[in-house]
Amino acid sequence: MNYTITLKVNGRTVQRDVPAHLTLLEFIRSGLQLTGTKHGCGNGECGACTVIMDGKAVRACLILAVEANGCAVETIEGLVESPLAPFAGELPGAVTGTGHSHPEINGASPVGEGVGAGLHPIQRAFLAKGAVQCGFCTPGMIMAAKALYDRNPNPDRAAVVEALGGHLCRCTGYQPIIDAVLAVQTE
Amino acid sequence: MTYQTVGQSVARLDGIEKVTGEAVFVDDISLPGMLHARVLRSQRAHALITGLDVSEAMAQPGVVAVVTGRGLPRRIGACIQDMYPMAVDRVRYVGEPVAVVVAENPHQAHHALASIKVSYQDLAVVTDPWEASRPGAPQIHPDQAVYHRLPGIHPLPGSNIFHRLQVCRGNTADAFREAFLVVENRYWHPSIYHVQLEPHGAIATYHQKGGLTMYASSQAPYVVRHVICELLGLPPGRVRVIVPYVGGGFGGKSDHTIEPLLAWVARHVPGRPVKLVLTREEMACGTVIGRGALVHYRSAVSQDGMLLGVEAEVFLNGGGYGDFAVNIVTAAGISATGPYQVPNIKITAHGVYTNTPPTGACRGYGHPEVHWACERQMDIIAARLGMSPVEIRLKNALGPGKVNAIGQQMESHNGRVDLCIQQVVDALGGPECFLPRTNPCVGSIALEPGGIEADPLPHPTGANASPKAEPSGACAKPAAMPGKVRGKGIAALMKCPIMPTNAQSGAIIKLEEDGGVMVSVGAIEMGQGCHTVLAQIAAEALSLPLERVQVAPQVDTFHSPYEWQTVASHTTWAVGNAIRLAAAQLCDKITRAAAVILQVPAERLEVVGGRVQDRERPERYLTLQQLARGYTDARGTALSAPLIGEGNFVPQGLSHLDPETGQGNIAADWTFACQGAEVEVDTRTGEVTVLRLVSAMDVGKVINPVLAEGQIYGAAVQAMGAAICEGIVFDREGRIRNPSLTDYKVPGVEDMPELQALFVETPEESGPYGARGLGEHGAVCVPPAIANAIQQATGLEFFDLPVTAEKIIRAQQKRGVPA
């Protein structure tokens, strides 16, 4: 059985016919070809598929596409603020710290000066704090952080830990991710 | 030595792609006409297949093919050819592929699985490696004697032991007879999952002209290619393996896993790509698992705390197939004495077939299993002698002039475990935090020389109680809450890469038309940041700014130079060396070309800052840009050709181990480290909170501090999971009881201790700019460090992992402390 759904994805209205069993994650990845949202477990256990739906961070694998009818969905692809101006402005490593003792990313940018200046501050903070390794949990982590900042511009460490709770990362030991999310507010 | 780029925490090359979602992983790839595969897996751990009917499944909507093991031409394997990519007539673990449905979409493939009819004749099941090694155990590979295997693998035909390594030095009988103290215990490290966030996946197309192209989430494209060539009878030039970004490996994507299976499946639908991505539940049984080892450990010690002898027997769970576990057995055997000099050694490491999923490489493989035993043992010995756990380690530590278990003499450039120990001790509050246990000799300690103090050998689910330490001095910090106690522990380690004696690493550096370079390597970027580090090494070697250096992100066996595989913490060291060789060749070609153009002897020219210039008259120079595509003079005549440098590296002077004594030159370099933990234990609930994890590692020159720290943090937290919460549970029928991430708890953000990484930088002579490996080492010693801290906090000795709240409560009850 197919249903017609209409929703906003990253600010653009899309209308599609979808089968009832299709998850929002399958819809985003296969239907819309937005593959930045990752499928890590399909059971809501890992957080890699987190998107923002009507302001709330949700696991796209636990929501049916038909449930998103009429909603506004933000994915990692919608986060870059000024994608048309990638060659101007500061280095991706320019976010300042919050008094943590860990070294900052410094020195040259291997991708060239100014590239990535259109990134969202959370994305820049992830780069500056070494919060990215394999990158598979990263989009979900960033979307969870975005949802946190959208409702609380000054989160403390406890709020960050709560917002990232249930998001698994097997590479970083989480500390650089917590540091990154906390560093955003100093921008 | 000052460097321009080496030693800088530059931003990752792949960072922007990964924070924007642009980075492409296997499951993000769709190819025209692509089909989808789903696997029917055995629900029996050990059985003969007596019937397999796929006709009904073939008739289901969307189904294009149903593939079975019928007709498989040969067994495969890199070390022992003991497996088929899917079951032929027998299954050896729950999860072994029995049939694969290929359909137009994944849902159709999934639904058709239910229509396949399989009948089995059950055989006796064994999942414990020690039990499986006993005479009379169910024989899992009755015909293992005929399997083809590499030299240096020693099976015991007629048993489940597929490889046995002995390491012998000196005379342990004398050492144990003359010892002041003998301590004997049995340690258990359960099987664990890697839990890469990206599930295993691959897309394969069997070409109608013959040959195969595969995208794979793999650490080892050249191993995958080799095995597929063997399986399908194809030459290497017809099999192309491409690896996009890999979402975490940790050893679980090394060697070969799902790739030969998918190649066999694709062979049945020529011309159409087939995608297979495992579900999270399949990740528990459809690829390799890690660890799973029983270690029986005896130490002979002198009165002043010198290790006189070690006898150890290791029983490593190989699972249903042993091909991936051979090198784990070797690693466990040669490193069972840890970072210490022991004059008399008798170690036997067995790899044992069981009815679990196959065991494969897992961050640090072989080393965490035996360090769990060795480093718990050191604390127990120290307590028996009334010594500090710091002092006993420093007394016995390997260092320049000392000899390791396989007879290799340590040189000064090999690193300093003593400094690592001191740094961790200082970071945790100083030596006064690690005083000798106040009442060490309660119980039946044998004080006369020759006496043997055998600890009651606990079954691998028990804990022995011993007197609780009384923290004193500056470290007697009150616990945060009543009912909670705190303790600190340390553990030291030595780890070398275990690799073929000719493990190859290549690099190609192409001078681009803007004077920058493109570096191609066979090393896989799976999160560890190797492409960034390798770019830094190339930039340094070529005296170029980092932004002029690119590293090709995808590895492709059609274009990329050889790489054994991206494992064993050897990429920075081995591929870094290959890059330095390639850079040297490129610089040589540049100066020789410039010598002709500038009419200056080549030896007077140097490559610096994007130019080649005359050392004596630096105003005479050419830019690399001018040389990239061939320099032309005013008449348009080409005076030089395009320039490419290549470098190829194999470790120098390695040899197989002696089959009788295990002595030999198999380790190319070592990394020494020490790890420490501070824990808080809630004595009412048994819950352990890890407050701090400190690692000090002699990694040689740190190429990129933030990336190096990231490796150590991640490894330490992974191993923290193994210490207190992770472990696969098999039932009597060999089924996994905790295949999901709900039932198999891994550390989450709320569990995080304060993490600290410290570096000792003794330059490694054989490494690029003095660097050596560090990727796995942070996972080696965290479990014993945490268990030693739990001991200090509670007085309870634990011998089997993980040390869960339940085990702590039970141990307290056994000791008579009310819970």
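Residues numbered from 1 in each chain as written. Chains lettered and ligands numbered in written order. Predicted model: local features only at pLDDT ≥ 70, side-chain atom pairs only at ≥ 80, totals over all residues. Heavy atoms only, no water.

Participant: Looking at this structure, how should I read the packing of aromatic side chains?
Facilitator: For any pair of aromatic rings, the description consists of the separation of the ring centres together with the inter-plane angle of the planes. By the definition in use, this model includes ten aromatic pairs over all chains. Note on B:Tyr193 and B:Tyr744: the rings are 4.3 Å apart at their centroids and 50 degrees apart in plane angle, and the pair reads as tilted. Of this pair, B:Tyr193 sits in the loop between strand 8 (181–192) and strand 9 (201–206) while B:Tyr744 sits in the loop between helix 16 (705–724) and strand 28 (754–760), and the two are 551 residues apart along the sequence. Judged by relative accessible area, which is 6%, B:Tyr193 ranks as buried. Seen from their ring centres, B:Tyr222 and B:Tyr562 are 4.8 Å apart, and the 40 degrees between their planes marks the pair as tilted. Residue B:Tyr222 is located in helix 6 (residues 221–232), and its partner B:Tyr562 is located in the loop between strand 21 (555–556) and helix 14 (571–598); the two are separated by 340 residues in the primary sequence. According to the relative accessible area criterion, B:Tyr222 is buried, its value standing at 9%. Taken together, A:Phe136, B:Phe25 and B:Tyr245 form an aromatic cluster joined through their ring pairs. (Phe/Tyr/Trp six-rings, centres within 6.5 Å; stacked < 30°, edge-to-face > 60°. Helix = DSSP H or I, 4+ residues; strand = E, 2+ residues; numbered from the N terminus. Buried < 20%, exposed > 50% of the residue type's maximum accessible area, 1.4 Å probe, protein only.)

Participant: What should I look at first to understand the domain arrangement of chain A in this one?
Facilitator: Note: interface size is frequently given as the accessible area lost on complex formation between the parts. Residue and element names in this part refer to chain A. On domain assignment, one finds that chain A holds domain 1 (2–78) and domain 2 (79–187). Each side of the interface is counted separately: domain 1 has 19 residues, and domain 2 has 16 residues. Across the domain 1/domain 2 interface, buried area totals approximately 1300 Å², and carbon plus sulfur atoms make up 59% of it. The interface formed by domain 1 and domain 2 contains one salt bridge. Between Lys146 and Glu74 there is a salt bridge, with the nearest N and O atoms lying 2.8 Å from each other. For the side of domain 1 that touches domain 2, the element with the highest residue contribution is strand 3 (residues 50–53), accounting for three residues. (Domains from an automatic or database assignment. Contact = heavy atoms within 4.5 Å. Buried area = accessible area lost by both parts, 1.4 Å probe. Salt bridge = Lys/Arg side-chain N within 4 Å of Asp/Glu carboxyl O.)

Participant: Where do I start with the environment of B:Gly333 in this structure?
Facilitator: When you line up the elements, B:Gly333 lands in helix 9 (residues 326–334). We classify B:Gly333 as buried; its relative accessible area is 0%.

Participant: Any chance you could explain the interface of chain A and chain B here in plain terms?
Facilitator: Tallying the contact residues gives 57 residues for chain A and 57 residues for chain B. Here chain A is connected to chain B by four salt bridges. As a salt-bridge pair, A:Arg170 and B:Glu726 come within 2.8 Å of each other at their nearest N and O atoms. Between the two partners, chain A and chain B, sit 21 residue pairs in polar contact (both at pLDDT 80 or more). Every element with two or more residues in the side of chain A that touches chain B is listed here: helix 1 (24–31), helix 2 (121–128), helix 3 (138–151), helix 4 (157–164) and helix 5 (175–183) of chain A. (Polar contact = N/O pair within 3.5 Å; in protein donor to acceptor, adjacent residues only side chain to side chain.)

Participant: Help me out: how do you make sense of the pattern of salt bridges in this one?
Facilitator: Where charged atoms of side chains with opposite charge meet at close range, the side chains can pair. Applying the stated criterion across every chain yields a total of 43 salt bridges over all chains. The salt bridge partner of B:Lys253 is B:Glu198, with a shortest N-O separation of 2.9 Å. Here B:Lys253, found in the loop between strand 11 (239–243) and helix 7 (259–266), pairs with B:Glu198, found in the loop between strand 8 and strand 9; they are 55 residues apart in sequence, far enough to count as distant. Comparing B:Lys253 with B:Glu198, the two get one shared label, buried. A cluster of three or more residues bridged by salt bridges with shared partners is formed by A:Arg29, A:Lys38, B:Asp27, B:Asp28 and B:Lys275.

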